[in-house]
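These are the residues of each chain, in order.
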Amino acid sequence: TFPSNQDKLSSSFSTAGFGNSVIAILAGLVSNKAASHGKLRPWDASLDTKEGMFFVDGYLNPFDIALLALICCGICATFLWEENYGESGGKENAENSPKWYDGLKRAYKTTIRNRDILLCGLVSSLFEGSMYIFVFMWTPAMQNLAKKEEGLGEDESVELPYGLIFSTFMVCCMTGSSLFSIVAERMKGEALAVVVFAVSSVAMSLVIVSSNSNVTFIAMNIFEICVGMYFPVMGTMKGMIVPEDQRAAIYNLYRIPLNFIVVSSLLAHLTATQGFVAVTIMLITATFLQLALVRRRLHVISLADVATQLSSDDDSSHIE
């Protein structure tokens, strides 16, 4: 039964990633169109741009659309989602329920004692941290390359179709999700993750050394394909490694190093080149940690196979 459940888990994460990418592509196209609709201006047309406090149009339009989308999501969640009280028996047992930090304490002990869970958390934090730094850095990186190719100074501005570029990234992300559903039938998730992290490292290295905007853009798209493959791969791995009864608490612990990486990168005021160097180092580290996890998982699986074989031999001897 386990292989079929694993296949369903992989298929579910792949489908979810594909759907997210489709929505993101549409959002990028709509945002690009909205941002180009009119110039930024004060809410009160009688005020000067420097005097106004509230502004409309220009690059604020995509944020206004996002606000409306969030309001719609909140309304749908309020009326369509039911509260999940788990197995505690509902509200009447809330007074007898454990304290809020008991779950985190158990999750921390489990994570420290189980090397697989710890490695999985470190790998996911490193990759997702590199992904967020990439989100911060791809815009200034593309701007710098565009300025160099057009012979503009550092103080001069250059207009790029950011919405279309983002949509292109999301197409690549969708491609990665679809590619996962094909490769997952022939390759285990742990081994596939090693390939994803290694290719991501190479792509980010190209971004560092390349001075050509086309090469840089292609490398960024390759990284986005890896991002599209990462989410179903990591979702499947977490589903197999993290115990279900502590999953929510352990996932919260995974966010701690991730948030530390993101906040540190922002406080450090990294340049685009420095940011991509940090991303490359994290991806290379994630690749080696994932290799260690693969070796451990293969050892665990081999031991499980031996135990199953011994159990079947014992059953056969009893039958005889």
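Everything below is about the structure printed above this text.
Residues numbered from 1 in each chain as written. Predicted model: local features only at pLDDT ≥ 70, side-chain atom pairs only at ≥ 80, totals over all residues. Heavy atoms only, no water.

Draft legend 1. Structural detail: the overall build of the protein chain. The helix and strand inventory of the protein chain stands at nine helices and two strands. In the protein chain, the succession of helices and strands from N to C terminus is α-β-β-α-α-α-α-α-α-α-α. When each of the 320 residues of the protein chain is scored for burial, the buried share is 35%. Looking at the protein chain alone, contacts between residues at least 24 apart form 77% of all its contacts between residues at least 6 apart. Of the roughly 19,900 Å² of accessible surface on the protein chain, 63% is carried by carbon and sulfur atoms. (Helix = DSSP H or I, 4+ residues; strand = E, 2+ residues; numbered from the N terminus. Buried < 20%, exposed > 50% of the residue type's maximum accessible area, 1.4 Å probe, protein only. Contact = heavy atoms within 4.5 Å. Areas by Shrake-Rupley, 256 points an atom, 1.4 Å probe, with all protein chains shown as cover.)

Draft legend 2. Broad picture of the packing of helix α3 (residues 102-113) against helix α8 (residues 247-267). Running from N to C, α3 and α8 point in directions that differ by 75°, and their axes come no closer than 9 Å. Here α3 lies roughly perpendicular to α8, going by the angle between them. Residues G103, L104, A107, Y108, T110 and T111 of α3 form the contact with α8, whose participating residues are A249, I250, N252 and L253. Each residue belonging to the contact of α3 with α8 can be placed in one class, and the counts come to six nonpolar, four polar and no charged. (Axes fitted to C-alpha atoms, helices over the stretch in contact; angles between N-to-C directions. Parallel < 35°, antiparallel > 145°, perpendicular 65-115°, else oblique. Nonpolar A, V, L, I, M, F, W, Y, C, P; charged D, E, K, R; others polar.)

Draft legend 3. Looking closely at the environment of E154. In this structure, E154 sits in the loop between α4 (115-150) and α5 (162-183). E154 sits 10 residues away from N144 along the chain, and the two C-alpha atoms are 7.9 Å apart.

Draft legend 4. Local environment of the packing of aromatic side chains. With the rule as written, the count across this model stands at 12 aromatic pairs. Summarising the aromatic geometry, the rings of F127 and Y230 are spaced 4.3 Å apart at their centres and angled 20° between planes, so their arrangement reads as stacked. In this pair, F127 is assigned in helix α4 and Y230 in helix α7 (residues 213-241), connecting sequence segments 103 residues apart. You can call Y230 buried: its relative accessible area is 1%. (Phe/Tyr/Trp six-rings, centres within 6.5 Å; stacked < 30°, edge-to-face > 60°.)

Draft legend 5. Focus on a positive patch on the surface. On the surface, a cluster of positive charge is contributed by K99, K105, K109 and R113. Within the element layout of this structure, K99 appears in the loop between α2 (61-80) and α3. Judged by its relative accessible area of 53%, K99 is exposed. (Patch = residues over 30% accessible without salt bridge, like charges linked within 9 Å, V, L, I, M, F, W, Y side chains within 5 Å. Salt bridge = Lys/Arg side-chain N within 4 Å of Asp/Glu carboxyl O. Lys, Arg positive; Asp, Glu negative; His and termini not counted. Charge placed at Lys NZ, Arg CZ, Asp CG, Glu CD.)

Draft legend 6. Spotlight on α4. Relative to the 52 Å expected for 36 residues at 1.5 Å per residue, α4 spans 51 Å between its end C-alpha atoms, a close match to the ideal helical length. The axis of α4 is deflected most strongly, by about 40°, at M137, and proline P140 appears within four residues downstream. You can read the cap of α4 off the contacts: a side-chain oxygen lies 3.0 Å from the backbone nitrogen of D116, and it is on N114. Just downstream of α4 lies G151, where phi reads positive at about 70°. (Expected span 1.5 Å × (residues − 1). Bend = angle between axes of the 7 residues up to and from the residue. Polar contact = N/O pair within 3.5 Å; in protein donor to acceptor, adjacent residues only side chain to side chain.)

Draft legend 7. Molecular detail of the side chain of T287. Structurally, the position occupied by T287 is in helix α9 (residues 272-319). The class for T287 is buried, based on a relative accessible area of 10%. For T287, the side chain forms a polar contact with the main-chain oxygen of F197, separated by 3.5 Å. Those residues in contact with T287, other than ones at most four positions away along the chain, are V194, F197, A198 and S201.

Draft legend 8. Layout of the pattern of salt bridges. Enumeration according to the criterion identifies five salt bridges in this entry. D116 serves as the salt-bridge partner of R296, at 2.7 Å between the closest nitrogen and oxygen. Linking R296 in helix α9 with D116 in helix α4, this pair joins segments that are 180 residues apart in sequence. Judged by relative accessible area, which is 35%, R296 ranks as partly exposed.

Draft legend 9. Representation of unusual backbone geometry within the structure. Notably, H269 is not glycine yet its phi reads approximately 55°, a positive angle. When you line up the elements, H269 lands in the loop between α8 and α9.

Draft legend 10. Layout of the state of the cysteines. Taken as a whole and judged by the stated rule, the model has zero disulfides. In this structure C76 is not part of a disulfide, and its nearest cysteine sulfur, from C73, lies 6.5 Å away. Note on C76: relative accessible area 41%, which makes it partly exposed. (Disulfide = S-S within 2.5 Å.)

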